[in-house]
Amino acid sequence: MTTTTSAASPEPLPFHLTGNFAPVLDELTVHDLEVTGTLPPELTGTYVRNGPNPRNGPSPIWFLGQGMLHGVRLERGRARWYRNRWIDAPTTSNTNIVRHAGKMLALVETAPPVAVSDELETLGAFDFAGGLTRGMTAHPKICPSTGELLFFTYSLQPPFVTYYRADTSGALVQSEPIQVGSPTYMHDFAITKRYALLLDLPVLFNGWRTPMPIQWSDDYGARIGVLPRDGRGDQVRWFPIAPCSIVHTANAYEEGGTIVLDVVRAPRLDGPSQLFRYTLDLERGVAHEAPLDARHVEFPRIDERRTGSAHRYVYALELCDIVNGIPTDCVLRKYDVTTGRCTVHDFGPGRVSGECIFVPRTPGSGEDDGYALCYVHDRDRNTSDLVVLDAADFAAPALATVALPRRVPYGIHGNWFPELG
Ligand SMILES: [Fe+2]
């Protein structure tokens, strides 16, 4: 882990306690925020982002900090409120927040979800009526066609991986142990219309040891598992691939006799990650693999109405420069994976974005007919904004910038919840 030295102390501070990674110390509720530009009136709902924000003293590593939600409610052209709330639970629950079957669930992959209210107050642990006895990935997939929630968990104890499916009402209807060789660290997965894709890679989970709970294995191997979404755990078909680390997927879909899977891939645990494509030949049982771009990116997102079916656009954060573990220069990239073209949005010197999400303009609008939303930190002013971009004119100046009443520390994942609250 990289460290930096505080001017006030000779002791080195870990990166996650310095700069805009440092936690904030209180909870705020502020109404009627100042907006520069024009918020689209149809953009009515709440953007909520999760991230570690240790409450009771410094956490030894970044992703062990207690979760904190930062939310902004937009309503018919106005920014009605900002709230930040700790997730008040024994688990860290600091990685993502999703909504399924009317429940808002804060997620961390090592524990069951924690339900929160529309105004970000903690309601309590949620375990699918006792059906979920282990953790739950922070990257479940909601199938746009069926409304099902598909997810998995990994564990130190066998079965090291378990696949789950919940129906539209949120009832757990399937639980399948998956045979893998060791406690593989599986952060994300992907779905197509018929399959779930599992990533069994040479990054192994060793429990919550510090300085890192995961480690690279030179001899574990790497493979992608293709499981029929309603199939038995022993029906996984494995496709060997070159050893690598994949933290996040963008999407997957079926095309002819193949499955296309776009991910962000690094050649090893600590290498720079690139947008990368796997094409699985279902007839011959082989995987073709190739980068889609050479730049160092993370946080790939798509228009999630396309989850499981062919997508054209991928939004990602390019990490142009990192100093002592702190991103000092980032831009957003919008990839057109059908043409290979890439559009950049640069917030300017000292303005660093986090993950960018896509929100469609209307439920039926085209794939990039909508908005890109993200929190942006201004290093010189030490303030944060919620920025709304026109996704179809991605390089253009922001449509609207909402001045937030406080700095929002760098965090992990967020989502848009329409018509919420
Ligand atoms: Fe993630």
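About the cut-offs
- Residue numbers run consecutively from 1 along every chain, following the written order of its sequence.
- Local features are withheld for residues below a pLDDT of 70 in this predicted model, meaning they are given only at 70 or higher, and side-chain atom pairs are given and counted only at 80 or more; totals for whole chains, interfaces and linings count all residues.
- The basis for the side-chain values is all heavy atoms of the structure; hydrogens and waters are excluded.
- Each nonpolar core is a collection of buried residues, namely Ala, Val, Leu, Ile, Met, Phe, Trp, Tyr and Cys, held together in the definition by side-chain atoms within 4.5 Å.
- Residue exposure (1.4 Å probe, protein chains only): buried if accessible area is under 20% of the type maximum, exposed if over 50%, otherwise partly exposed.
- Helix and strand definitions follow DSSP, with helices as H or I runs of at least four residues and strands as E runs of at least two, each counted in order from the N terminus.
- For this analysis, residues touch if any pair of their heavy atoms sits within 4.5 Å.
- UniProt positions are given in the numbering used here, feature names are shortened, and annotations may be inferred rather than shown by experiment.
- Pairs of N or O atoms are called polar contacts if they sit within 3.5 Å, as long as, within protein, a hydrogen donor faces a hydrogen acceptor (for residues adjacent in sequence, only side-chain-to-side-chain pairs).

A.B. asks: Where do I start with the nonpolar core in this structure?
C.D. replies: A general tendency of soluble globular proteins is for nonpolar side chains to be buried together. Of all hydrophobic cores here, the largest spans 24 residues; its most connected members are Tyr315, Leu332, Phe347, Cys356, Cys374, Leu389 and Phe394. If you list the elements that add at least two residues to this core, you get strand S27 (313–323), strand S28 (326–336), strand S32 (370–378) and strand S33 (383–390). At 4 residues, the largest contribution of residues to this core is made by S27. Once residues within four sequence positions are removed from consideration, Phe347 is found in contact with Leu332, Ser353, Cys374, Val376, Val387 and Leu389. Residues Phe152, Ile191, Val203 and Tyr220 belong to the second largest nonpolar core, which totals 23 residues.

A.B. asks: What exactly am I supposed to notice about the UniProt feature "binding site: Fe cation" (unreviewed entry) in the protein chain here?
C.D. replies: Under the UniProt annotation, "binding site: Fe cation" (unreviewed entry) lies at His139, His187, His248 and His413. In terms of the greatest pairwise C-alpha distance, the residues named above, spread along 275 residues, form a tight cluster of at most 12.7 Å across. Mapped onto the elements, His248 comes out in strand S22 (residues 245–255). Judged by relative accessible area, His248 falls into the buried class, the value being 6%. His248 has contacts with His139, His187, Asp188, Val263, Val264, Glu298, Phe299, Pro300 and His413, leaving out every residue within four places of it along the chain. Polar contacts involving the side chain of His248 include one to the side chain of His139, which spans 3.3 Å. Inspection of the secondary structure puts His413 in the loop between strand S34 (400–403) and strand S35 (414–418). Those residues within four positions of His413 in sequence are excluded, and the remaining contacts are Arg49, Asn50, Thr95, Asn96, His139, His187, His248, Phe299 and Glu355.

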